[in-house]
Amino acid sequence: MAEYMLYKGMVVSILRLNKTGLPLSWLSREEAATLYVKEQVVWSLGDEQFRLHGGINRCGERSYLDVAPIIACDGSVRSHPFAPTLSNRFLFRRDGHRCMYCGFQFSDSQLTRDHIIPKVQGGADCWNNVVAACQRCNHHKGGRTPEQASMELLAVPFEPNLFEFMYLANRQILGDQMEYLQSRFSGQRIWEAA
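This one's a predicted model, so the numbers in the text were calculated from it and none came from an experiment.

## Focus: the environment of Arg 16
- Among the structural elements, Arg 16 can be located in strand 3 (residues 14–18).
- Overall, the relative accessible area of 22% leaves Arg 16 in the partly exposed class.
- On a C-alpha basis, the gap between Arg 16 and Glu 61 in space is 30 Å, while along the polypeptide they are 45 residues apart.

## Focus on the nonpolar core
- Leu 15, Tyr 167, Leu 181, Phe 185 and Trp 191 are the most contacted members of the largest nonpolar core, which totals 25 residues.
- When contributions to this core are tallied by element, the ones reaching two or more residues are strand 3, strand 8 (70–73), helix 2 (88–94), strand 10 (130–134), helix 4 (162–168) and helix 5 (175–182).
- In terms of residue count, the dominant contributor to this core is helix 4 (six residues).
- If we skip the residues at most four places from it in the chain, Leu 15 touches Pro 23, Ser 25, Trp 26, Pro 69, Ile 70, Ile 71, Met 166, Gln 177, Tyr 180 and Leu 181.

## Overview of the sheet that holds strand 5 (residues 41–45)
- Spatially, four strands are ordered 4-3-8-5 in an open sheet, and the strand pairing comes out mixed. Looking at which strands have only one partner, the edges of the open sheet turn out to be strand 4 (23–27) and strand 5. Across this sheet, the average inter-strand angle for adjacent strands is 25 degrees, counted without regard to direction.
- As judged from the four bridges shared by strand 5 and strand 8, these two strands associate in the antiparallel manner.

## Section: the pairing of strand 3
- Counting buried residues along strand 3, four of its five residues qualify, which places the element largely inside the surrounding structure.
- The sheet contact formed by strand 3 and strand 4 spans four bridges and is antiparallel. Following the sheet pairing, Leu 17 is matched in strand 4 by Pro 23.
- Connecting the antiparallel pair strand 3 and strand 4 is a turn made up of four residues, with Gly 21 showing a positive phi of about 100 degrees.
- Pairing analysis gives four bridges linking strand 3 to strand 8, with the strands arranged parallel. In the sheet register, Asn 18 faces strand 8, and the bridge partner there is Cys 73.

## Things to note about the layout of surface pockets
- In this structure, the largest pocket occupies an estimated 390 Å³ of space.
- Asn 18, Pro 23, Leu 24, Arg 78 and His 80 are, among the 14 residues lining the largest pocket, the residues nearest its centre.
- When residues of the lining of the largest pocket are traced back to their parent elements, those giving at least two are strand 3 and strand 4.
- Its residues placed into classes, the lining of the largest pocket shows seven nonpolar, four polar and three charged.

## Looking at helix 5
- By the burial criterion, the buried members of helix 5 are Gln 177, Met 178, Tyr 180 and Leu 181. Considered in projection along helix 5, the buried side chains sweep an arc of 160 degrees and stay on one side of the axis.
- Looking at the buried residues of helix 5, the elements they touch are strand 3, strand 4, strand 5, strand 8 and helix 4.

## Re the confidence of the model for the protein chain
- Overall, the predicted model of the protein chain reaches an average pLDDT of 91, with 94% of residues at or above 70.
- Confidence drops under pLDDT 50 across residues 1–5; counting only partners more than four residues distant or on other chains, this segment forms 17 contacts.

## Comments concerning the pattern of salt bridges
- Considering all chains together, one arrives at seven salt bridges under this definition.
- Arg 94 is the salt-bridge partner of Asp 95, the closest N and O atoms lying 2.8 Å from each other.
- With a relative accessible area of 3%, Asp 95 lands in the buried category.
- The residue Arg 171 makes a salt bridge to Asp 108 at a minimum N-O spacing of 3.9 Å. On the criterion of sequence distance, the pair formed by Arg 171 in the loop between helix 4 and helix 5 and Asp 108 in the loop between helix 2 and strand 9 (111–115) is long-range, its members being 63 residues apart.
- Classification of Arg 171 by relative accessible area gives partly exposed; the value is 42%.

Scoring rules and cut-offs
Residues numbered from 1 in each chain as written. Predicted model: local features only at pLDDT ≥ 70, side-chain atom pairs only at ≥ 80, totals over all residues. Heavy atoms only, no water. Helix = DSSP H or I, 4+ residues; strand = E, 2+ residues; numbered from the N terminus. Buried < 20%, exposed > 50% of the residue type's maximum accessible area, 1.4 Å probe, protein only. Core = buried A, V, L, I, M, F, W, Y, C linked by side-chain atoms within 4.5 Å. Contact = heavy atoms within 4.5 Å. Pairing = 2+ DSSP bridges. Axes fitted to C-alpha atoms, helices over the stretch in contact; angles between N-to-C directions. 1 Å grid on protein atoms, 1.4 Å probe; cavity = no way out; pocket = protein on both sides within 12 Å on 5 of 7 lines; lining within 4 Å. Points joined across faces, edges and corners; volume = space filled by probe spheres on them. Nonpolar A, V, L, I, M, F, W, Y, C, P; charged D, E, K, R; others polar. Arc of directions from axis to C-beta. pLDDT = per-residue confidence, 0-100. Salt bridge = Lys/Arg side-chain N within 4 Å of Asp/Glu carboxyl O.

Here's what the structure looks like:
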């Protein structure tokens, strides 16, 4: 068990689900502990439990709380359609920090958002019309479509579902958390746990 939620040198976030198993958010250890103490955790998953230490009582015993890496919480379940936020951070992570034209891997600062159907030709700024592109390829393509520029796309863009988006939103995911999320991935990309 790891104190301060460190696991193999990384700070761990807890995956919060609603009681039906849909992901809601990533929590800090303090936020997860609060839900446990308020008895809002209805079920949990994961082999690894993380022990949080509290104070020492007058008998000299130290209190502790074991936190699972995946917790489902009580509360109302809303059924509204999920619309993932489009940002360069999530887009670049979806595309594996690779230019979808030349295939080379780049840092965030070296990548740009490229519109497959350019905005000047009426293309939308949406998940299904954007890919990560290096500055060189984006400049070469300009305001043309890949076909017009004789450039081949290496992967088809897609809108991540809720489970994929939760993966994109956290860079350090444990195996149990990844297994849970991956069970509902669309199969558009192959992603690994941290």
